[in-house]
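Spelled out, the chains give:
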Amino acid sequence: MKLSQPRAKVFVPDGVPVDEALARTTHLAIAAHQDDIEIMAYDGILKCFSRKDAWFTGTVVADGSGSPRSGLYETCSDDDMCEIRILEQERAAVVGEYAAQVFLDYPSARIKDPSETNLVNELYSLLEATRPRFVYLHNLADKHPTHVGVVVKAIAALRRLAPEALPEKVYGCEVWRGLDWMINDDKVFFNVQGRNNLERALLGVFDSQICGGKRYDLATEGRRLANATYAESHSVDETNALMLAMDLTPLVHDSSLDICDFVLGKIDHFAEDVRRSVTAITGP
């Protein structure tokens, strides 16, 4: 892999050569910012933790310079925050026993630029180096524009892979918008119950966010509990921690599908479900 940005690098927690570390990847996350991985791709982290036959690799695309800050971090410059957030993400990679942690270091403006092709090329190189079976991305209904930029660029890179190199599944996960609104038939459910110590340790290393004014640790754990409780209205809970995702695999396996139409179709399913529920009571 050739990485073009100033702080771009690959961190390998157990010190094996980079090519070897990437090649052992089975579960790959491509996220916008530091700590997005631990929020949206915890299913993959959990499935690979303490195993030698499954390995998780995280990828952070953005440089992290624009994060909000207060308290101890209030006077930090954008450059300071970039370095702090890289160190925090490396700590999470150690805690989670990742195969590797990739930093691409792109400014948000370039991620959102429709004409940006270099990022797509680097993501394609990453996918060729890792050949993952499972890929975790942001969901296409996420309200953060940089997140949407990352998932669109990642889909473009995935579509360039040869058929035999395509992952089995590609998931669009929750961060800056939950997916509880989707109808159940459109949801992917991940049971992430157990190992609360790992969950809390992974998010707890991002001190610049937590002490800086954003309690992502509590909010993420709360969302997973809420998902589990509200998953079904007429049955008891089967888990106390549930993550939701949008199945993006069809977009990767069939490049003729329009990305915007695909996600709007999920919204249409939701609208029709609401219409059917209300008109069943009010009449047509």
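Residues numbered from 1 in each chain as written. Predicted model: local features only at pLDDT ≥ 70, side-chain atom pairs only at ≥ 80, totals over all residues. Heavy atoms only, no water.

## Some thoughts on the packing of helix α6 (residues 118-130) against helix α7 (residues 145-158)
Here is step 1 of the chain: The geometry of α6 relative to α7 is characterised by a closest axis approach of 8 Å and an angle of 55° between their N-to-C directions. Classified by the angle their axes make, α6 and α7 are oblique. The crossing of α6 and α7 is right-handed. Two secondary-structure elements touch here, α6 through Leu 119, Val 120, Leu 123, Tyr 124 and Leu 127 and α7 through Lys 153, Ala 154, Ala 156, Ala 157 and Leu 158. (Axes fitted to C-alpha atoms, helices over the stretch in contact; angles between N-to-C directions. Helix = DSSP H or I, 4+ residues; strand = E, 2+ residues; numbered from the N terminus. Parallel < 35°, antiparallel > 145°, perpendicular 65-115°, else oblique. Left-handed = near helix turned anticlockwise from the far one by under 90°. Contact = heavy atoms within 4.5 Å.)

## Describing the sheet that holds strand β5 (residues 134-138)
Two pairing modes exist for strands in a sheet, parallel and antiparallel, and in both the strands are linked by backbone hydrogen bonds.
Here is step 1 of the chain: A sheet is described by the order of its strands in space; here eight strands give the open sequence β1-β4-β3-β2-β5-β6-β8-β7, paired in mixed fashion. Each of the sheet's edge strands pairs with one partner strand only, and the pair in question is β1 (9-11) and β7 (187-191). Each adjacent strand pair in this sheet contributes to an overall mean axis angle of 25°, direction not counted.
Here is step 2 of the chain: As paired elements, strand β2 (residues 27-31) and strand β3 (residues 56-62) share five bridges and run parallel to each other. Note that in β3 the partner of His 27 across the bridge is Phe 56.
Here is step 3 of the chain: Its contacts with the sheet place α6 against β2, β3 and β4 (100-106), and it is angled at close to 170° to β4. (Pairing = 2+ DSSP bridges.)

## Points about the packing of aromatic side chains
Here is step 1 of the chain: Scanning all chains against the criterion turns up six aromatic pairs.
Here is step 2 of the chain: Measuring from centroid to centroid gives 5.5 Å for Tyr 136 and Tyr 171, while their planes differ by 40°, and the two rings are tilted. Pair noted here: Tyr 136 is in strand β5 and Tyr 171 is in strand β6 (residues 169-173), with a separation of 35 residues, a long-range link. For the pair formed by Tyr 136 and Tyr 171, the shared burial category is buried.
Here is step 3 of the chain: Judged by centre distance (6.1 Å) and plane angle (75°), the ring pair of Trp 181 and Phe 270 falls under edge-to-face. (Phe/Tyr/Trp six-rings, centres within 6.5 Å; stacked < 30°, edge-to-face > 60°. Buried < 20%, exposed > 50% of the residue type's maximum accessible area, 1.4 Å probe, protein only.)

## As for the pattern of salt bridges
Here is step 1 of the chain: This model, assessed by the stated rule, comprises 19 salt bridges.
Here is step 2 of the chain: Asp 35 serves as the salt-bridge partner of Arg 85, at 3.8 Å between the closest nitrogen and oxygen. You can see Arg 85 sitting in helix α4 (residues 78-95) and its partner Asp 35 sitting in the loop between β2 and α2 (36-40), a full 50 residues away along the chain. Just as Arg 85 is buried, Asp 35 falls in that class too.
Here is step 3 of the chain: Note that Glu 221 and Arg 200 form a salt bridge whose closest N and O atoms lie 2.6 Å from each other. You can see Glu 221 sitting in helix α10 (residues 216-230) and its partner Arg 200 sitting in helix α8 (residues 196-204), a full 21 residues away along the chain.
Here is step 4 of the chain: Overlapping salt bridges bring together Glu 272, Asp 273, Arg 275 and Arg 276 as one network. (Salt bridge = Lys/Arg side-chain N within 4 Å of Asp/Glu carboxyl O.)

## Describing the environment of Ala 23
Here is step 1 of the chain: With respect to the helices, strands and loops of the structure, Ala 23 is situated in helix α1 (residues 18-23).
Here is step 2 of the chain: Exposure remark for Ala 23: the relative accessible area of 52% places this residue in the exposed category.
Here is step 3 of the chain: For the pair Ala 23 and Thr 130, spaced 107 residues apart in sequence, the C-alpha to C-alpha distance is 4.7 Å.
Here is step 4 of the chain: Apart from the residues within four sequence positions on either side, Ala 23 is in contact with Ala 129 and Thr 130.

## Notes on empty space enclosed by the protein
Here is step 1 of the chain: What the rule picks out here adds up to two cavities of 30 Å³ or more.
Here is step 2 of the chain: In terms of lining, the largest cavity is formed by Ile 39, Glu 174, Thr 220, Arg 223, Arg 224 and Met 243.
Here is step 3 of the chain: Grouping the amino acids of the lining of the largest cavity by side-chain chemistry returns two nonpolar, one polar and three charged.
Here is step 4 of the chain: In this structure, the second largest cavity spans a volume of roughly 30 Å³.
Here is step 5 of the chain: Lining of the second largest cavity is provided by Arg 7, Gln 34, Val 60, Ala 62, Asp 63, Ile 86, Phe 103, Leu 104 and Asp 105.
Here is step 6 of the chain: Where the lining of the second largest cavity is concerned, the elements lending two or more residues are β3 and β4. (1 Å grid on protein atoms, 1.4 Å probe; cavity = no way out; pocket = protein on both sides within 12 Å on 5 of 7 lines; lining within 4 Å. Points joined across faces, edges and corners; volume = space filled by probe spheres on them. Nonpolar A, V, L, I, M, F, W, Y, C, P; charged D, E, K, R; others polar.)

Read these as geometric descriptors, not functional statements.
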